[in-house]
Amino acid sequence: MRRVLATLAVLLAAGTALAHGPTPQKIDQTITIRATPDAVWKVVGPFGGIGAWHPDVAKVEAERGEGVGGDGAGAVRKVTLKRGGTLVEGLDEWKGAERTYSYRLSDPDLDALPVSSYSATLTVTPDGEGAKVEWMGRFYRGDTGNEPPENLNDEAGKEAMNRYFAEGLKGLKAKLESGPQR
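Attention in this report is confined to the structure presented alongside it.

Further remarks concern the side chain of Arg99. Tracing the backbone shows Arg99 in the loop between β4 (86–95) and β5 (100–107). In this structure the side chain of Arg99 is engaged in a polar contact, spanning 2.9 Å, whose partner is the side chain of Asp38. Apart from residues lying up to four places away in sequence, Arg99 is in contact with Pro37, Asp38, Trp41, Leu122, Thr123, Val124 and Pro126.

Here is the structure:
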């Protein structure tokens, strides 16, 4: 009888382990730009301005929130990507004096990014005579079931989010280092 109970306990534990859902994934991208932190923030700081520097963005529709210039809690941006899909993102916190803001995905679009949700923070800090821009994100894969297809699993989410952040930071660097915005 003990052996039967022990076997049942092992099977129950294994079933519970398999039933565990997805774990949050994290990414962190940084880039150094040859421009002052204030010059970088002037470009990257406006929440609705991502279309001016991110090369993957085709169009942005922004709704103002509370705060300076509409960059505050409650602001929403609808980002249409060139390759298709739309990201609807809500601004949680915008701190202009500290050159940072945090936002989250409101409505998932698996055609845009293979993730079910994400939150992100973008920060600009001094770095020598230039500025460092850090873009960090936490997200869940596109399919939160126990056996997601390859295109919606953790690795697909990581790859897509890393690519999206990296391309954005490269676009920001190119915009700022190619002109007189310093």
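Our focus in this paragraph is the sheet that holds strand β6 (residues 115–127). Pairing is antiparallel across the open sheet formed by 7 strands, whose spatial order is β1-β7-β6-β5-β4-β3-β2. On the outer flanks of this sheet lie β1 (25–33) and β2 (57–63), each paired with one strand and no other. Each strand axis lies, on average, 20 degrees off the axis of its neighbour in the sheet, ignoring direction. Bridge count between strand β3 (residues 76–81) and β4: 5 bridges; the pairing is antiparallel. Directly across from Thr80, in β4, lies its bridge partner Thr86. Contacts from helix α2 (residues 37–44) reach β1, β4, β5, β6 and β7 (130–141) within the one sheet, and its direction differs from that of β6 by about 150 degrees. Strands β1, β2, β3, β4, β5, β6 and β7 of the sheet are contacted by helix α3 (residues 154–178), whose axis makes an angle of about 15 degrees with β1.

With that settled, the discussion passes to the nonpolar core. If you look at the biggest cluster of nonpolar residues, it comprises 39 residues, and the most contacted ones within it are Val40, Trp135 and Tyr164. Of all the elements in the fold, those that place two or more residues in this core are β1, α2, β3, β4, β5, β6, β7 and α3. Ignoring sequence-local partners within four residues, the contact set of Val40 consists of Ile33, Ala35, Gly45, Val124, Ala131, Val133, Leu172 and Leu176.

Analysis parameters
Residues numbered from 1 in each chain as written. Predicted model: local features only at pLDDT ≥ 70, side-chain atom pairs only at ≥ 80, totals over all residues. Heavy atoms only, no water. Helix = DSSP H or I, 4+ residues; strand = E, 2+ residues; numbered from the N terminus. Polar contact = N/O pair within 3.5 Å; in protein donor to acceptor, adjacent residues only side chain to side chain. Contact = heavy atoms within 4.5 Å. Pairing = 2+ DSSP bridges. Axes fitted to C-alpha atoms, helices over the stretch in contact; angles between N-to-C directions. Core = buried A, V, L, I, M, F, W, Y, C linked by side-chain atoms within 4.5 Å. Buried < 20%, exposed > 50% of the residue type's maximum accessible area, 1.4 Å probe, protein only.

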